[in-house]
Amino acid sequence: MDVAKLVWGLRALLNAPFFKRIGMPSYLGKPTYISGRRRISIGKRVRIFPGLRMEAIGKGTIQIGDNVSIGQNLHLISTKADLCIGDNTTISGNVLITNTNHSYQEIDQHIMQQESIFKKTTIGPNCFIGYGAVIQAGTILGKQCIVGANAVVYGCFPDCSVIAGVPAKRIKQYCFETCTWDKVAKK
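Residues numbered from 1 in each chain as written. Predicted model: local features only at pLDDT ≥ 70, side-chain atom pairs only at ≥ 80, totals over all residues. Heavy atoms only, no water.

1. Details of the overall build of the protein chain
Stage number 1. The helix and strand inventory of the protein chain stands at one helix and 24 strands.
Stage number 2. Taken over the C-alpha trace, the protein chain has a radius of gyration of 17 Å; the compact-globule value for 187 residues is 16 Å, and the two agree within 12%.
Stage number 3. With the principal axes as the frame, the protein chain shows a C-alpha extent of 50 × 50 × 20 Å.
Stage number 4. When the 187 residues of the protein chain are sorted by exposure, 44% land in the buried category.
Stage number 5. Considering only contacts within the protein chain whose residues lie at least 6 apart along the sequence, 15% involve residues at least 24 apart.
Stage number 6. When the accessible surface of the protein chain is totalled, it reaches about 10,100 Å², and 57% of it is carbon and sulfur.
Stage number 7. Taking the average location of the 23 positive side-chain charges in the protein chain and that of its 11 negative ones, the two points are 6 Å from each other. (Helix = DSSP H or I, 4+ residues; strand = E, 2+ residues; numbered from the N terminus. Rg over C-alpha atoms; globule rule 2.2 N^0.38 Å. Buried < 20%, exposed > 50% of the residue type's maximum accessible area, 1.4 Å probe, protein only. Contact = heavy atoms within 4.5 Å. Areas by Shrake-Rupley, 256 points an atom, 1.4 Å probe, with all protein chains shown as cover. Lys, Arg positive; Asp, Glu negative; His and termini not counted. Charge placed at Lys NZ, Arg CZ, Asp CG, Glu CD.)

2. Topic: the pairing of strand 22 (residues 161-165)
Stage number 1. Where strand 19 (residues 146-147) meets strand 22, two bridges bridge the pair, whose relative direction is parallel. Looking across to strand 22, one finds that Ile-146 is bridged to Val-162.
Stage number 2. Summarising the sheet, strand 22 and strand 23 (residues 168-175) pair through five bridges and their orientation is antiparallel. Opposite Ile-163, over in strand 23, you have Arg-170 as the bridge partner.
Stage number 3. The hairpin formed by strand 22 and strand 23 contains two residues between the paired strands. (Pairing = 2+ DSSP bridges.)

3. What to know about the state of the cysteines
Stage number 1. Across all of its chains, the model carries zero disulfides by this definition.
Stage number 2. The thiol of Cys-84 is not disulfide-bonded; the next cysteine sulfur, from Cys-127, is found 12 Å away.
Stage number 3. No disulfide involves Cys-175; its sulfur sits 7.9 Å from that of Cys-179, the nearest cysteine. (Disulfide = S-S within 2.5 Å.)

4. Let's talk about the nonpolar core
Nonpolar side chains tend toward joint burial in soluble globular proteins.
Stage number 1. Met-54, Ile-64, Ile-97 and Leu-141 are the most contacted members of the largest nonpolar core, which totals 37 residues.
Stage number 2. Those elements giving two or more residues to this core turn out to be strand 4 (40-42), strand 6 (53-57), strand 7 (61-64) and strand 10 (82-85).
Stage number 3. When residues no more than four places from it in sequence are discounted, the contact partners of Ile-97 are Leu-74, His-75, Leu-76, Ile-77, Leu-83, Ile-85, Ile-91, Thr-121, Ile-123 and Ile-135. (Core = buried A, V, L, I, M, F, W, Y, C linked by side-chain atoms within 4.5 Å.)

5. Structural notes on the side chain of Gln-114
Stage number 1. Looking at where Gln-114 falls in the secondary structure, it is placed in the loop between strand 13 (100-102) and strand 14 (116-118).
Stage number 2. Under the relative-accessibility criterion, Gln-114 is labelled buried at 7%.
Stage number 3. Side-chain polar atoms of Gln-114 contact the backbone nitrogen of Gln-105, separated by 3.0 Å.
Stage number 4. A polar contact of 3.0 Å, which involves the side chain of Gln-114, links it to the backbone oxygen of Gln-109.
Stage number 5. Apart from the residues within four sequence positions on either side, Gln-114 is in contact with His-102, Ser-103, Tyr-104, Gln-105, Glu-106 and Gln-109. (Polar contact = N/O pair within 3.5 Å; in protein donor to acceptor, adjacent residues only side chain to side chain.)

Here it is in structure tokens:
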């Protein structure tokens, strides 16, 4: 086993009493910042690379399923709602997943002084989130969804979708009848 991963495993073990749950064996690369540990659950066999930033603010919760792989510099923000990542999901580096957003309706007021919006965000099981993707508040990904690199994702997407672009759109869908990934017709 890699020495760094052994150290990361020890870090997860030593941090486990401070979280709601950390299933073992899991490992935790050196985080940048973690708040609200008591509202964060990490499943078994979760691999988290360095640079993690997790914020469970107020009543916000973060739930990471089993056998999840997380690349460097993941940023998770959860405020007043649930943020869930399903089992067997892979998240590439430099990804942001949030359930919090700011209103921008008041044009004479700074955006940070406007009302915040909170919506449950769910990443289904067996998903793949590409490098640099942003998953916005209220997004629901079904199982086995693929999110392209640098996509900005908002909305509900059915199982077995390929999602890409800015703003992200469903570009392919798995067809169980033909066992193929078919392009989604443009509207």
